[in-house]
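Remarks on the overall topology
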Amino acid sequence: MTIIERVESLLGAMDLAEKIGQLNLLAAGEGLVTGAGQPTALSDRLANGGVGAIFGTKSLASARALQERALAGSRLGIPLFFAEDVIHGHRTIFPLGIAMACSWDMGLIRETAAYAAAEAAAEGLHQVYAPMVDVTRDPRWGRVAEGPGEDPLLASRIATAMVQGFQGPGLGAMLGAGSASGLGASGHVAACLKHFVAYGAPQSGRDYDNASLSWEDLLETYLPPFAAGLEAGALSVMAAFNAVNKVPMHAHHPLIEGWLRASRAEGGQGFDGLMVSDYTGVKELTPHGLGPAQLAVARALHAGIDMDMVGEDYWRELPALAHHGIDAPDAGFSLGAERIGAMIDCACRRVLTFKARLGLLDDPFRGMAETARPPARDKGRALARKAAAASAVLLENNGILPLARGARVALIGPFAADRANMLGTWSVSGRAEDVVPLDQAVAALTGVTPARAWGADIVDESWLAARLNVHGVTVDRDPRPEAEQIAEAVAVARGADIVIAALGEAKEHAGESSSRLSVDLPAVQLRLFAALAALGKPLVTVVFAGRPLSLAALSKQSDALLYAWHGGVGGPEGVADLLFGAAEPSGRLAISMPRHGAEAPVTYASDPSGRPSPGRFAKFLTGWLDLEDDAPHFPFGFGLGYAPVGYGPPRLSRDTAPASDRVTLSVMVVNHGTRTAIETVQLYASDPVAQVTRPARKLIDFMQVSLSPGESREIGFSISAAQFAYPVAPALETACWQRDPGLIRLHVGANSRDTQMVELTWRD
Ligand code: BGC
């Protein structure tokens, strides 16, 4: 039987309650492993066949036990599937999403996703709530930590790599095919692209806030990573909490049933997989102002949300809706009972199809054998360390780095011996004890234990500390007066030849429900830094954080500045490798570094205005009176290595070409140094004569190459006219992509600012 036949025959045998049960997605919660004594909501639901899937099981034994319960409670023996937030690693935590994006290394990103999938699959999990592909240009938004940064092309390539890594080659089983792939056995899981869509464009950077933006921006900036993830075969998608242009995403019929699900011929993506709500996202339609629970449920189901996560509103409201329909003329919404029944069938069909694709209808315990083994931990650790080194971005270096291994170093600051913060936000299965802290990493690498001081108090405002505590704060407090602590740090620094300041933010400073207005380091750390800088000793600053920060004070006074993000279990080891030259810095910013929080959103790709000449007419300044320079402090794509790389002049195979042809842009890159250089050659485009204002620059391709000392290599980019198309969309329904014939400018270089330009003319 094909998957379609299998699912249809099952659906035909199900009653209404069984179908609604499949749409109910619950959290495992505490104490539900075997559910012994007290029946909980979950065990009651399982006994009645009222659960389609569970997330957060935390162990193979728990997943198995729940699967047994579900099968016993299901007349037709329909299994559950199990999901988890595996955002940047499962037990082995890799660098944050934003950090991995800075590697610009798709092979590495794919490998980390594949490793995480193997760990997750060995715990009986079938679906991960990742990749998080929310493009964002706002450093205030806490969830910048999880995502791919500011650029749609980079984000799209990451979406592809992560879906491939999670799902492996076989998971996107064709509906017409006889049986599903060997998911469990092969250690792969279903990806879930999230959060659909524009969750990364909230007003003022406040988490969960709504996005009001042009349809053009939505189509060109926020939707492409979803399109790429779907193209790679992602089996599921999660809706976002926010509204887009006034309609909450859990009720956004035009974007879900339209853009996402409609066939390609109709202008959609033809997505036939599973759409899940976010945590209580259906329920939240009520406070969004879309009406009481029954109306909210009808709207969400109608919009195309198949499964209701945690809120149980589908479970409660759908039986009545299926019998009576809904008629809410004052809310402009009416659906007959028959239509609702058909929509329930449709959602249930998608849940069953998802299970079939995972191989669960053939074997509910697929991949859950007692003998299931996670991949070798040491392999994961080595990968985590490599990923941490590849994702840290070297922003300044006056030649002090790499350090000699015998150097007398003092490690000062709250992150000098930190473990817990290194995991970063959304590391639900990670353990702080798996992290080798920076002082130990340096000692192990160099054989010299660094002197160390100041290990606490990274939050200076007490009200903020109290808020962070709500999130289970990872920050240590030192009861001694600040002056005493700084004096001690300065004394330790004085005794060393080189000072390494390990500064940054706690993992709770970024993440869900953790937006911040300020993009400055905690003031107490800036005071510590000033005291260290005043010593006049060689000063290397390493910043650990989950979001971009303003680095003005640090960069002026540091001899080297390394942005290490929260690098996961191998984070500090990766940093030690970079500082002492055991690895080459190759990270490039996936997001612009702001000068001031109030500038947000910040992007290299903003549209030009009519008054773009800074300095010429001070009265018509395009920036801010109280900001000296409004260009990002460190631009998108920026990062240094230890070997200087030179670029020859770019050349086109032809400077005029018919739009049906391809043109090659070639550029010679040369490693002028004595160490290996890992260079990411970036290609941007601008369209100076268009029908609308186009971004000043737009990344259209990039290539990462490794160059030995002295090596030169010609890099070629194959360019087609299609790369210059842009959306025109007075309304979403009438959106189309167009391209202007004529002049295009191509900018090639090491980052979005430092480029050389050639002109190309398309003859249409
Ligand atoms: C988050 C999702 C996450 C879900 C389940 C929500 O609060 O927005 O990203 O997958 O919780 O944990």
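Residues numbered from 1 in each chain as written. Predicted model: local features only at pLDDT ≥ 70, side-chain atom pairs only at ≥ 80, totals over all residues. Heavy atoms only, no water.

Thoughts on the overall build of the chain
Selection criterion: Labels follow the DSSP assignment, with helices taken as runs of H or I lasting at least four residues and strands as runs of E lasting at least two, numbered in each case from the N terminus. Radius of gyration here uses only the C-alpha atoms, and the compact-globule reference equals 2.2 Å multiplied by the residue count raised to the power 0.38. Classification of residues uses two cut-offs on accessible area relative to the type maximum, computed with a 1.4 Å probe and protein chains only: under 20% is buried, over 50% is exposed, and between them is partly exposed. Only heavy atoms enter the contact rule, under which two residues are in contact if any of them lie within 4.5 Å. The sign given to each residue is positive for Lys and Arg and negative for Asp and Glu; His and the chain ends receive no count. Charge placement uses NZ in Lys and CZ in Arg. For Asp and Glu, CG and CD serve respectively.
In terms of regular secondary structure, the chain is built from 22 helices and 29 strands. On C-alpha atoms alone, the chain measures out to a radius of gyration of 27 Å, which is about the 27 Å that the 2.2 N^0.38 rule sets for 764 residues. Dimensions of the chain along its principal axes, counting C-alpha atoms only, are 75 × 70 × 50 Å. Per-residue burial over the chain gives 60% buried out of 764 residues. Within the chain, counting contacts between residues at least 6 apart in sequence, those at least 24 apart form 77% of the total. Here the chain carries 65 positive and 82 negative side-chain charges, and the mean point of each set is 3 Å from the other.

Some details on the sheet that holds strand 24 (residues 698–707)
So the rule is basically this: At least two DSSP bridges between two strands are needed for those strands to be called paired. Axis lines are fitted through C-alpha atoms, for helices just across the contact stretch, and the angle between N-to-C directions can take any value from 0 to 180 degrees.
Across the sheet, 5 strands lie side by side as 21-29-28-23-24; this open sheet has mixed pairing. Edge strands, defined here as strands with exactly one partner in the open sheet, are strand 21 (656–658) and strand 24. For this sheet the average axis-to-axis angle between neighbouring strands, irrespective of direction, equals 25°. Across 3 bridges, strand 21 lies against strand 29 (residues 755–763) in parallel orientation. Bridging from a neighbouring strand, Pro658 pairs with Arg763 of strand 29.

Here we look at the sheet that holds strand 17 (residues 539–544)
If you trace the 6 strands from one edge of the open sheet to the other, you get 13-18-17-16-14-15, paired in mixed fashion. Looking at which strands have only one partner, the edges of the open sheet turn out to be strand 13 (393–397) and strand 15 (451–453). Across the sheet, the mean angle from the axis of one strand to that of its neighbour is 15°, orientation sign disregarded. Note: strand 17 against strand 18 (residues 560–563), 4 bridges, orientation parallel. From the neighbouring strand, Val542 faces strand 18, where its bridge partner is Leu562. Seen against the sheet, helix 20 (residues 523–533) touches strand 14 (409–412), strand 16 (498–504) and strand 17 and runs at an angle of roughly 170° to strand 16.

Some points on helix 13 (residues 293–303)
Of all 11 residues making up helix 13, 9 are buried, and the element is well covered by its neighbours. Here helix 13 has its buried residues at Leu295, Ala296, Val297, Ala298, Arg299, Ala300, Leu301, His302 and Ala303. The secondary structure elements touched by the buried residues of helix 13 are helix 11 (253–260), helix 12 (286–290), helix 14 (313–324), strand 11 (326–328), strand 12 (333–335) and helix 15 (337–357). Directly beyond the C-terminal end of helix 13, a positive phi value near 115° is found at Gly304.

Quick word on the pairing of strand 14
As a reminder, the rule being used: A clockwise course of the path from the first strand over the helix to the second, judged with the strands pointing away from the viewer, identifies a crossover as right-handed.
Residue alternation in strand 14 divides its side chains into two sets, Val409 and Leu411 and Ala410 and Ile412, and both sets are buried. Across 3 bridges, the pairing between strand 14 and strand 15 is parallel. In the sheet register, Ile412 faces strand 15, and the bridge partner there is Ala453. You can see the chain leave strand 14, run along helix 17 (residues 438–446) and come back into strand 15, and the turn it takes is right-handed.

Let's talk about the site of the ligand
Selection criterion: Being near a molecule or strand, for a residue, comes down to having at least one heavy atom within 4 Å of it. Definition of a polar contact: a pair of N or O atoms within 3.5 Å, with one able to donate and the other able to accept a hydrogen when the atoms are protein atoms, and with sequence-neighbouring residues admitted only if both atoms are side-chain atoms. Here the open area of atoms and residues is found with the Shrake-Rupley method and a 1.4 Å probe, where only the protein chains shown may cover a residue. Lys, Arg, Asp and Glu make up the charged group, whereas Ala, Val, Leu, Ile, Met, Phe, Trp, Tyr, Cys and Pro make up the nonpolar group; the residues left over, Gly among them, are polar.
As a structural note, the neighbourhood of the ligand is formed by 13 residues, with Asp85, Arg143, Lys194, His195 and Asp278 the closest of them. One nitrogen or oxygen atom from the side chain of His195 is found 2.7 Å from an oxygen atom belonging to the ligand. At a separation of 2.6 Å, an oxygen atom of the ligand approaches a polar side-chain atom of Asp278. Protein coverage of the free-state accessible area of the ligand, which is 310 Å², stands at 94%. Split by residue class, the shell around the ligand holds 7 nonpolar, 1 polar and 5 charged.

Thoughts on the layout of surface pockets
Cut-off, in case you're wondering: Only protein atoms enter the 1 Å grid used here, on which a cavity is any set of points holding a 1.4 Å probe that cannot leave and a pocket is any open set flanked by protein within 12 Å on both sides along at least five of seven lines; residues with an atom within 4 Å of a point are listed as lining. Grid points are joined across faces, edges and corners, and a volume is the space filled by probe spheres set on the points.
Taken as a whole, the second largest pocket holds about 840 Å³ of empty space. Only helix 7 (152–167), helix 9 (215–222), helix 10 (224–231), helix 11, strand 24 and strand 27 (736–738) provide two or more residues apiece to the lining of the second largest pocket. Residue contributions to the lining of the second largest pocket peak at 4 residues, all from helix 10.

Describing the domain arrangement of the chain
Just so we agree on the cut-off: Domain boundaries shown here were taken from an automatic or database domain assignment.
Here the domain parsing of the chain yields domain 1 (7–84 + 272–357), domain 2 (378–579) and domain 3 (643–763). Each of domain 1 and domain 2 was reduced to a C-alpha centroid, and the two centroids are 44 Å apart.

Some remarks on the packing of aromatic side chains
Our working rule: Only Phe, Tyr and Trp rings take part, Trp by its six-membered ring, and two of them pair if their centres are within 6.5 Å. Stacked means planes under 30 degrees apart, edge-to-face means over 60, and tilted covers everything else. Working rule: Lys NZ or Arg CZ, within 6 Å of ring centre, within 35 degrees of ring normal, means a charge sits over the ring.
For the structure shown, the criterion picks out 17 aromatic pairs. Geometrically, the ring pair formed by Trp104 and Phe636 is tilted, given 5.4 Å between the ring centres and 45° between the ring planes. You can see Trp104 sitting in the loop between helix 5 (97–101) and helix 6 (106–121) and its partner Phe636 sitting in the loop between helix 22 (571–579) and strand 19 (645–647), a full 532 residues away along the chain. The exposure classification of Trp104 matches that of Phe636, with both residues buried. Positioned over the ring face of Trp426 is Lys194, at 5.7 Å from the centre of the ring.

Observations concerning the pattern of salt bridges
What counts here: What counts as a salt bridge is simple: a side-chain nitrogen of Lys or Arg found within 4 Å of a carboxyl oxygen of Asp or Glu.
Under the counting rule described, the total for this entry stands at 44 salt bridges. Put simply, Arg143 and Glu512 hold a salt bridge, and the shortest N to O gap is 3.4 Å. Placement of Arg143 in the loop between strand 4 (127–128) and helix 7 and of Glu512 in the loop between strand 16 and helix 20 is noted, with a sequence separation of 369 residues between them. Classification of Arg143 as buried rests on a relative accessible area of 1%. Glu220 is the partner of Arg694 in a salt bridge, and the nearest nitrogen-oxygen pair spans 2.6 Å. Here Arg694, found in the loop between strand 23 (677–686) and strand 24, pairs with Glu220, found in helix 9; they are 474 residues apart in sequence, far enough to count as distant. By sharing partners, the salt bridges in this structure join Glu257, Arg261, Asp306 and Arg350 into a single network.

Focus on empty space enclosed by the protein
Evaluated as defined, the whole model comprises 4 cavities of 30 Å³ or more. Reported here for the largest cavity is a volume of approximately 190 Å³. What lines the largest cavity is a set of 20 residues, and nearest its centre among them are Ile87, His88, Gly97, Met100 and Met162. Only helix 5, helix 6 and helix 7 provide two or more residues apiece to the lining of the largest cavity. Here the lining of the largest cavity takes 4 residues from helix 6, the largest share from any one element. Looking at side-chain class alone, the lining of the largest cavity contains 14 nonpolar, 5 polar and 1 charged residues.

Observations regarding the environment of Gly380
With respect to the helices and strands, the residue Gly380 is situated in helix 16 (residues 377–391). Using a relative accessible area of 0% as the deciding quantity, one classes Gly380 as buried. As for Gly380 and Ala116, which are separated by 264 residues in sequence, their C-alpha atoms are 8.6 Å apart.

Things to note about unusual backbone geometry
Going from Phe196 to Val197, the amide bond is cis rather than trans, its omega being 0°. Tracing the backbone shows Val197 in the loop between strand 5 (192–196) and helix 9. Across the junction of Ala600 and Pro601, the peptide omega takes the value -5°, indicating a cis bond. Residue position: Pro601 is located in the loop between helix 22 and strand 19. Residue Ala198 is not a glycine yet carries a positive backbone phi of 65°. Of note in this structure, Thr280 is not a glycine but carries a positive phi near 55°. Of note, Thr280 is situated in the loop between strand 9 (274–276) and helix 12.

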